[in-house]
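Residues per chain are reported as follows:
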Amino acid sequence: GCTAEVAQNPAVVATTANHLLVRLKLAPCAVRSMHLHLTVDELTLVLSGVVDVQQVMANGTVSSEIIGPGQTSVQPAGWVHQAVNPSCTEDATFLNFFNVS
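An account of the accompanying structure is given in this report. None of the values given here were measured: they were computed from a predicted structure.

In this section: the overall build of the protein. A tally of helices and strands in the protein yields zero helices and ten strands. Secondary structure elements of the protein occur, N-terminal to C-terminal, as β-β-β-β-β-β-β-β-β-β. Every one of the 101 residues in the protein was classed for burial, and the buried ones make up 36%. Residue pairs in contact within the protein that sit at least 24 positions apart in sequence constitute 68% of those at least 6 positions apart. When the accessible surface of the protein is summed, it comes to about 5,300 Å², and 57% of that surface belongs to carbon and sulfur atoms.

On to the sheet that holds strand S7 (residues 62-67), then. The sheet built from four strands is open, its strands ordered S4-S9-S6-S7 with antiparallel pairing. For this open sheet the edge positions go to strand S4 (31-35) and S7, each flanked by a neighbour on one side alone. Averaged over neighbouring strand pairs, the angle between their axes works out to 10 degrees when direction is ignored. Note that S4 and strand S9 (residues 80-84) share three bridges and pair antiparallel. Looking at S9, one finds that Val31 is bridged to Val84.

This paragraph deals with the state of the cysteines. Following the criterion strictly, the structure yields one disulfide and no others. Through a disulfide, Cys29 is tied to Cys88; the S-S separation comes to 1.5 Å. With Cys29 in the loop between strand S3 (19-26) and S4 and Cys88 in the loop between S9 and strand S10 (92-99), this residue pair connects regions lying 59 residues apart in the sequence. The class of Cys29 is partly exposed, set by a relative accessible area of 36%. Its relative accessible area of 52% is what places Cys88 among the exposed residues.

We now examine empty space enclosed by the protein. Picture a little ball the size of a water molecule; that probe, rolled over the atoms, points out where space is still empty. Going through the model one piece at a time under the given rule, you end up with one cavity of 30 Å³ or more. Here the largest cavity defines a volume of roughly 40 Å³. Considering the residues around the largest cavity, the lining is formed by Arg32, His35, Glu42, Thr44, Val53, Gln75, His81, Gln82, Ala83, Phe94 and Asn96. Looking at the lining of the largest cavity, the elements that each hand over two or more residues are S4, strand S5 (42-48), S9 and S10. Considering each element in turn, the lining of the largest cavity owes the most residues, three residues, to S9.

Among the structural elements, Gln75 can be located in strand S8 (residues 72-75). A distance of 3.1 Å separates polar atoms of two side chains, one belonging to Gln75 and the other to Thr44. Side-chain polar atoms of Gln75 contact the side chain of Ser73, separated by 3.1 Å. What Gln75 contacts, discounting residues up to four positions off in sequence, is Asp41, Glu42, Leu43, Thr44, Val53, Gln55 and His81.

The rules behind these values
- Residues numbered from 1 in each chain as written.
- Predicted model: local features only at pLDDT ≥ 70, side-chain atom pairs only at ≥ 80, totals over all residues.
- Heavy atoms only, no water.
- Helix = DSSP H or I, 4+ residues; strand = E, 2+ residues; numbered from the N terminus.
- Buried < 20%, exposed > 50% of the residue type's maximum accessible area, 1.4 Å probe, protein only.
- Contact = heavy atoms within 4.5 Å.
- Areas by Shrake-Rupley, 256 points an atom, 1.4 Å probe, with all protein chains shown as cover.
- Pairing = 2+ DSSP bridges.
- Axes fitted to C-alpha atoms, helices over the stretch in contact; angles between N-to-C directions.
- Disulfide = S-S within 2.5 Å.
- 1 Å grid on protein atoms, 1.4 Å probe; cavity = no way out; pocket = protein on both sides within 12 Å on 5 of 7 lines; lining within 4 Å.
- Points joined across faces, edges and corners; volume = space filled by probe spheres on them.
- Polar contact = N/O pair within 3.5 Å; in protein donor to acceptor, adjacent residues only side chain to side chain.

Worth remembering: the numbers are spatial, not functional.
This is the structure in structure tokens:
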């Protein structure tokens, strides 16, 4: 499953007037289910492990991008997306940045 690193808020690390930072951990073989954000972009930065960012682009094309530590992926507002930990032996930890202005 997907677990929070910070107590109870699901993993909110920092907020400003225009941005939100969330830290998430995916257990081995776990999936953060398909979802979308209608008005905010999301940037994923992997801290440890690997994450397969799967998304449906505006033209309907489905993409899959496997990123590791220090690598990023952007999910624009309105794109359906999910995060998958393709490793069945180690956790994947990542930060999500949102522009909430």
